[in-house]
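# Observations on the model geometry
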Amino acid sequence: MTGSLVAARDTAQNATRNAVADAVLAGTAVPAGAERTGTRPAPLLTVSRLSVSYGRLRALYDIDLSVRSGELVALAGENGAGKTTLVRCIAGDVVPASGEIYLGGKRVPPDPGGAARLGVAVVWQDLALCDNLDIAANIMLGQERKRLMLSETRFHAAAGELLKELRIPLWDTTRNVRGLSGGQRQLVAVARAMGRRPRLLALDEPTANLGVKESVQVEELIMSLREQGTTILLACHDIDQMFRLADRIVVLRQGRVVADLRPADTHPDDVIALLSGQTIDSSPRRPLTRLHALTDSPVSADPGSSLTLILSALGAALNTERLCIHLVGDRTLFCAASLGFTPGEMEPWARLPFGPGGGPVGLAAADERPVIADNVRVGAAWRSFRDLAKTVKVASSWSVPVLGPGGLSGVITVFRTEHGAPQRDELDLVTVYAGYAANAIERDRLLDQVTTRNRVLETIREMLETVAGPVLVGEGLVMAVQSLRRGLQAEEVALITQPAGQPASWRAYAGPKGTGAGEAASTLQEMAADALSSAYPDGVARELHSSRRHRARAVAFTAVGGPTVLLASWRRVPPTKEETTLMEDAANSLRLALEREEAAHAHQEAAALRRSRELQRGFLSRLSHELRTPLTAIRGYASSLMQPDVTWDRDSQQRFLDRIAAESARLGRLVDDLLDFSAIESGIMRLQRDWCDMRLVIEAAIACLPPEHAKEVTLTCDPSLPVVWADHDRMEQVFVNLLNNAFGHNPPGTRVQVTAEAGPAEVVVSVLDDGPGLPPELAAAPFEPARRPRTSTGAGLGLSIAKGIVQAHGGQLALVAQPTGTCFSVSLPVEAGHQAGYQTEPHAATSAED
């Protein structure tokens, strides 16, 4: 039953924490008991410098006490300590000699009635029940209302509702209280007090005369009231009960408050020591309490802080300020934690060898027995460290080995400023603490192993997901190497390939924040060349040496792109066996990624080649069709005119000749387009530049259109339009192609708007039609050759040639998205420099200076 009360108390505290958190988030009032969440509402009860005298006897001396809303405060003290007197003052039953009492900000008068009206209710130890009345009458005594007195049913129903609300298991309210047990009588007295809905409930020795079972009943009621937010002041002698129920314990001794304690931070023996007049630190159970606390502290604390916690507890138990602990690593003792020394003082003891060279620590580790130096000036233990002892003012020391399941784990050393050997119980205490240190060290070792294995597995998972995921292999290699660096806990990691006949290529690099492969010269670049030339490509990690106090490993393997090496460096600390294995596994995964990259490149090249061949076949098929059409027409008309047995009239002959001329011109344009496209693709197009007025160029292009098309074109030019250094004929060809495209792909009646505007250092010309717009398949790649529909005329090279000519001028031709219609924008620099791949010939009559 006691365990259930403790669990109920913890549940109540957790519920209060959650309620406070919800209230803070919602911006509402903080509920009772909010003090455990860190918030500090105003106290409900405040007692200030309260003193009480009975004649010459002084019962209370300047008592100061505060109780916050929803808090359960226990008053601890021997008989005559002043507990009951303090409760009587709060209840208004005793007039104090001096001091003040406030409840909810209002002063409590020295009058029981006045205190009750403010919300103070007291359940005295003698209960003050009327044995000749039943339960309902005792509960409702003094609270009878007229309507209740007129109906016995309502009277008992009201008492039953109160008992139900308080979760008191007394169902028959007609029972006489004389026949109740002591615990039940106490429950009735509490119910009568709670019937007035008090703000503060004071309980005077509520379980003093009760058995175990009845005491449990009363404690359960108190915890229930506590959960409902009732503020309770509990005066009792049962210390265990205080620790089960109270949030705070106020200890009274001889009328004075000697301590205000929290049960979570206090041991019951501390309260007993205070009641008997001892100080807490002098309690013989204090070191044992600290020692028992260590059984749980290292488990819940951060691994790196476990040894510091143990040293701190040991120092408090021994009343000494200077301690240190050395751990074993590679037959070397390194200082893992110390107390009482300034930074740098323990540097000579940072790493010690086994044996006499390591001083008392080395001797204790070598012999696995305590080494006591009662005077550091004499003896062999401190022979090598006499100067250190003088500097840090150490007069004596004792070093105790820490022995774990696997043997020696470390050495604890205690330093003192006075000469002398430790007492036997002190040495035994250090030995006990050494056992706790051994457990903590073993726990940290196991935790490190689990953490390392988890880190290795997580790194492998991240790398596999990265190199095998949808990310491009080039980007994935960088992400994988970054993950590997975190998994290896390395300073730098790099992946380097050596293509045949080419310099080494740094495919991926991960280093300290803010550094790149270019800044890696201090470490990896020194070793990269040697690793590539001397390492065996077998996928096995090998150690490399660096002149900059770095530990390095290299894994060489053969990839499709050539010899490859995975390099990693650590600052001072060498990699573990698990990290070396991880590096080898990572190298294999990176090799597969490089092979996948090479296969992807080959696939892309094959797909591009197939696409090129398809375009070539389609283009040649379309071109042959376009060339065959005018040739067939020319041949047909010519053969008709040459028929010896047919005589054609003059009009027919002229019509045939006109068709022959038109088809010949069409054939010429196709050949010219083909030659222009070939020149553009080969980068040998010749430009004859001169200063051009773009308005005249556009007007010349419009004049080349058929009359029915030319009349549908509207030209708008900026008056401040500058002249452009360009090839007039080629730019005219660009706008002829764009205008023909606008009319050729739209129904009759389509209107075209041409606008020329001046930019900061360029001229922008837009050609916008109001047609239905380009088909989606053509809009996706409008400048790709041979994508025109079969109904169009020409070879499908107009837009491609126009784009090539504009780019040869250093400008851009782009398709601009529009809600309706199609818009092409031409941007030309006013003074274009020489465009790579194209030849520029100035006009014979004009120089660049004109």
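Anyway, here's the lowdown on the structure attached to this text. These numbers come from a predicted model, not from an experiment. (Residues numbered from 1 in each chain as written. Predicted model: local features only at pLDDT ≥ 70, side-chain atom pairs only at ≥ 80, totals over all residues. Heavy atoms only, no water.)

### Re the pairing of strand β8 (residues 231-236)
Counting buried positions along β8 gives 6 out of 6 residues, so the element sits mostly inside the fold. Sheet analysis places strand β3 (residues 72-76) next to β8, joined by 5 bridges and oriented parallel. By the bridge assignment, Leu72 is partnered in β8 with Ile232. In the sheet, strand β7 (residues 200-204) pairs with β8 via 5 bridges, with the strands oriented parallel. Note that in β8 the partner of Ala202 across the bridge is Leu233. Remark: the β7/helix α8 (residues 212-227)/β8 crossover connection has right-handed handedness. (Buried < 20%, exposed > 50% of the residue type's maximum accessible area, 1.4 Å probe, protein only. Helix = DSSP H or I, 4+ residues; strand = E, 2+ residues; numbered from the N terminus. Pairing = 2+ DSSP bridges. Right-handed = clockwise from strand over helix to strand, strands pointing away.)

### Looking at the sheet that holds strand β1 (residues 43-54)
With respect to topology, 4 strands assemble into an open sheet ordered β2-β1-β4-β5, the strand pairing being antiparallel. Taken across any chain shown, the strands that pair with only one partner, and hence form the sheet edges, are β2 (57-68) and β5 (106-107). The pairing of β1 with β2 spans 8 bridges and is antiparallel. When the sheet's bridge partners are listed, Val47 is paired in β2 with Leu65. Along the sheet face, helix α2 (residues 83-90) touches β1, β2 and β4 (98-103) and points at about 115° away from the line of β1. (Contact = heavy atoms within 4.5 Å. Axes fitted to C-alpha atoms, helices over the stretch in contact; angles between N-to-C directions.)

### Quick look at the sheet that holds strand β26 (residues 762-769)
Here 5 strands make up an open sheet; going across it, the order is β23-β25-β26-β28-β27 and the pairing mixed. Because the sheet does not close on itself, it has two edges, and the strands there are β23 (713-717) and β27 (812-816). Strand-to-strand twist across the sheet, computed as the mean angle between neighbouring axes with direction ignored, equals 15°. Two strands pair when backbone bridges link them, and β23 and strand β25 (residues 752-758) are joined in this way by 5 bridges, in the parallel orientation. Bridge pairing in β25 links Cys717 to Ala756. Sitting on the sheet, helix α21 (residues 694-703) is in contact with β23, β25, β26 and β28 (822-829), with an inclination near 175° to β23. Of the strands in this sheet, β27 and β28 are in contact with helix α25 (residues 798-808), which crosses β27 at around 135°.

### Quick word on the pattern of salt bridges
A complete count under the given rule lists 19 salt bridges for this structure. One salt bridge connects Arg416 with Glu426, and the closest N-O pair in it is separated by 3.1 Å. Here Glu426 lies in helix α16 (residues 424-467) and Arg416 lies in strand β16 (residues 407-416), a separation of 10 residues in the sequence. Under the relative-accessibility criterion, Arg416 is labelled buried at 16%. With a relative accessible area of 17%, Glu426 lands in the buried category. The residue Asp444 makes a salt bridge to Arg443 at a minimum N-O spacing of 3.0 Å. Note on Asp444: relative accessible area 13%, which makes it buried. (Salt bridge = Lys/Arg side-chain N within 4 Å of Asp/Glu carboxyl O.)

### Describing the packing of aromatic side chains
Tallied over the entire structure, the rule returns 8 aromatic pairs. Centroid distance Trp382 to Phe415: 6.3 Å. Interplanar angle 75°. Geometry classified as edge-to-face. Linking Trp382 in the loop between β14 (371-373) and α15 (386-392) with Phe415 in strand β16, this pair joins segments that are 33 residues apart in sequence. Pair check on accessibility: Trp382 and Phe415 agree, each one buried. (Phe/Tyr/Trp six-rings, centres within 6.5 Å; stacked < 30°, edge-to-face > 60°.)

### Things to note about the nonpolar core
In this structure, Leu201 and Val251 are the most contacted members of the largest nonpolar core, which totals 51 residues. Val251 has contacts with Ala76, Arg256, Val257, Val258, Ala259, Leu261, Val271, Leu274 and Leu275, leaving out every residue within four places of it along the chain. Grouped together as the second largest cluster of nonpolar side chains are 42 residues, Val697, Ile698, Leu778 and Phe783 included. (Core = buried A, V, L, I, M, F, W, Y, C linked by side-chain atoms within 4.5 Å.)

### Describing the environment of Ser181
Structurally, Ser181 is set in the loop between α6 (152-165) and α7 (182-194). On the basis of relative accessibility, which here comes to 25%, the residue Ser181 falls in the partly exposed class. Taking C-alpha positions, Ser181 is 9.0 Å from Leu210, a pair spaced 29 residues apart along the chain.

### Some points on the pairing of β7
With 5 of 5 residues buried, β7 is to be regarded as a mostly interior element. A two-sided burial pattern is seen for β7, the buried positions comprising Leu200, Ala202 and Asp204 on one face and Leu201 and Leu203 on the other. In terms of strand pairing, strand β6 (residues 120-123) meets β7 through 4 bridges, oriented parallel. Each residue of the ladder has a partner; that of Val122, found in β7, is Ala202.

### Observations regarding the layout of surface pockets
The calculated volume of the largest pocket comes to roughly 1600 Å³. Those elements that provide at least two residues to the lining of the largest pocket are β11 (322-329), β12 (332-339), β16, α16, β21 (562-571) and α19 (577-641). Ranked by the residues each element gives to the lining of the largest pocket, the list is headed by α16, at 11 residues. Partitioning the lining of the largest pocket into residue classes produces 17 nonpolar, 10 polar and 13 charged. (1 Å grid on protein atoms, 1.4 Å probe; cavity = no way out; pocket = protein on both sides within 12 Å on 5 of 7 lines; lining within 4 Å. Points joined across faces, edges and corners; volume = space filled by probe spheres on them. Nonpolar A, V, L, I, M, F, W, Y, C, P; charged D, E, K, R; others polar.)

Function-wise, these values are silent; they only describe arrangement.
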